[in-house]
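# A closer look at the structure
What follows is the residue order along each chain.
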Amino acid sequence: MSMMEDFWLPRREGGRGTEISTLPGGQNLGELTDIEYFQKKLYRALGIPESRIAAEGGFNLGRSSEILRDELKFAKFVGRLRKRFANMFNDMLKTQLILKNIVTPEDWEKMEDHIQYDFLYDNQFAELKETEMIQGRLGNLAQIEPYIGKYYSTEFVRKRVLRQTDQEIEEIDMQIEDEIQKGIIPNPAQTDPITGEPLPQEGGDPAADPAAQGGGDLGDVPVEDDLEQQAQITDAQYQKDTKSAEI
C-alpha cells in the first residue's frame, strides 16, 4: 500500500464518499524541545548549573549579588563531595600507615585532627562573598572608630564588629609585634597619632634636635644664655663700629 495512492471508502449517510485526510510526515523531526527537556533534567540530576554547559550562555564573574542560585548550590554540592573524599582519604591513609607499622592506632588518633586536604577551587564566589563581608566590616569600623574608648572597647570592636576569634586576635597581635621588631611597620607608641611622624626620643643626641641648636621655631622663647650671648655680640660690634667711626 503506497502513501501516494488515493482510497475511497463507502459511507452510509449521504451519497458522498468517505473523506480521508493525509497527515504530513516528517515535519517535527527538526524540533528538539523534547530532547532539551530531558537534557535539562539530566543536568539537574548531576547538580551542574545549566549556565556552565549551555553553549549560548556566557560566563560573567560579577559581584556576589549577581551570582546565580545554581552556582551557590553547585559550590555547596562540591563542598559536600570533598568532605566525603577527605574522609575516604583518611581511612585509606590510616589503613596504609597501620599495616606498614609506621604508626600505631593510638598515634593515629593524635595526628588525625591535624591532617587536612587542600582542594583546588575553580570558582571565586566564596572569595567575592568574603571580600564584600570584609568591606562591610571595615565600613562599620570607620563609623564606630570615633566612639572607641568612650562607648565601645577595642576588644568588643574586634570580636563583634570585625568578627575575629580569640585565636585570630592572638595570631594578629603576634604578627604585629613581630613586624614592629623587624621595622616593617612603625611602633605606634613612638609615632605621633596626628602627624604620623616619629616622636623625639628622651635622652637622645642633642645635635639631632634643631631646637637644641638654636634653630627652633619662631615662637620659641629664647633662654637667658642666648640673650646674654647676643648682648655680648651686640656690644662688641657696637664698640668696633665706634672705633671705626673715630678713625
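### Structural notes on the overall build of the protein chain
Helix and strand counts for the protein chain stand at eight helices and zero strands. From first element to last, N terminus to C terminus, the protein chain shows the α and β order α-α-α-α-α-α-α-α. Looking at the 247 residues of the protein chain, the share that counts as buried comes to 9%. Pairs at least 24 residues apart make up 32% of the contacts formed inside the protein chain by residues separated by at least 6 positions. Carbon and sulfur atoms make up 53% of the accessible area of the protein chain, which totals about 22500 Å².

### A look at the pattern of salt bridges
If you walk through the whole model with that rule in mind, you get four salt bridges. Residue glutamate 155 pairs with lysine 159 through a salt bridge whose shortest N-O separation is 3.0 Å. One end of the pair, glutamate 155, and the other, lysine 159, are both in helix α6 (residues 154–161), four residues apart, so they sit about a helical turn from each other. In this structure, lysine 182 engages aspartate 178 in a salt bridge whose closest nitrogen and oxygen atoms are separated by 3.2 Å. One end of the pair, lysine 182, and the other, aspartate 178, are both in helix α7 (residues 166–182), four residues apart, so they sit about a helical turn from each other. What makes lysine 182 exposed here is its relative accessible area of 59%.

### Focus on the confidence of the model for the protein chain
Looking at the protein chain, pLDDT values average 76 and 66% of them are 70 or higher. Averaged pLDDT values over the elements of the protein chain bottom out at 67 in helix α8 (residues 224–246) and peak at 93 in α6.

### Points about a negative patch on the surface
A cluster of acidic residues, Asp91, Glu106, Asp107, Glu109, Glu112 and Asp113, forms a negative patch on the protein surface. The biggest single contributor to the negative patch is helix α4 (residues 105–111), with three residues. With respect to the element layout, glutamate 112 can be found in the loop between α4 and α5 (125–144).

### Description of the packing of aromatic side chains
With the rule as written, the count across this model stands at five aromatic pairs. Plain terms: the ring middles of tyrosine 147 and tyrosine 151 are 6.0 Å apart, the flat faces sit at 45° to each other, and that makes the pair tilted.

### So, unusual backbone geometry
Positioned with a positive phi, asparagine 101 is a non-glycine residue whose angle comes to about 60°. With a phi close to 60°, arginine 163 is a non-glycine residue in the positive phi region. Relative to the assigned elements, arginine 163 resides in the loop between α6 and α7.

How each quantity is defined
- Residues numbered from 1 in each chain as written.
- Predicted model: local features only at pLDDT ≥ 70, side-chain atom pairs only at ≥ 80, totals over all residues.
- Heavy atoms only, no water.
- Helix = DSSP H or I, 4+ residues; strand = E, 2+ residues; numbered from the N terminus.
- Buried < 20%, exposed > 50% of the residue type's maximum accessible area, 1.4 Å probe, protein only.
- Contact = heavy atoms within 4.5 Å.
- Areas by Shrake-Rupley, 256 points an atom, 1.4 Å probe, with all protein chains shown as cover.
- Salt bridge = Lys/Arg side-chain N within 4 Å of Asp/Glu carboxyl O.
- pLDDT = per-residue confidence, 0-100.
- Patch = residues over 30% accessible without salt bridge, like charges linked within 9 Å, V, L, I, M, F, W, Y side chains within 5 Å.
- Lys, Arg positive; Asp, Glu negative; His and termini not counted.
- Charge placed at Lys NZ, Arg CZ, Asp CG, Glu CD.
- Phe/Tyr/Trp six-rings, centres within 6.5 Å; stacked < 30°, edge-to-face > 60°.

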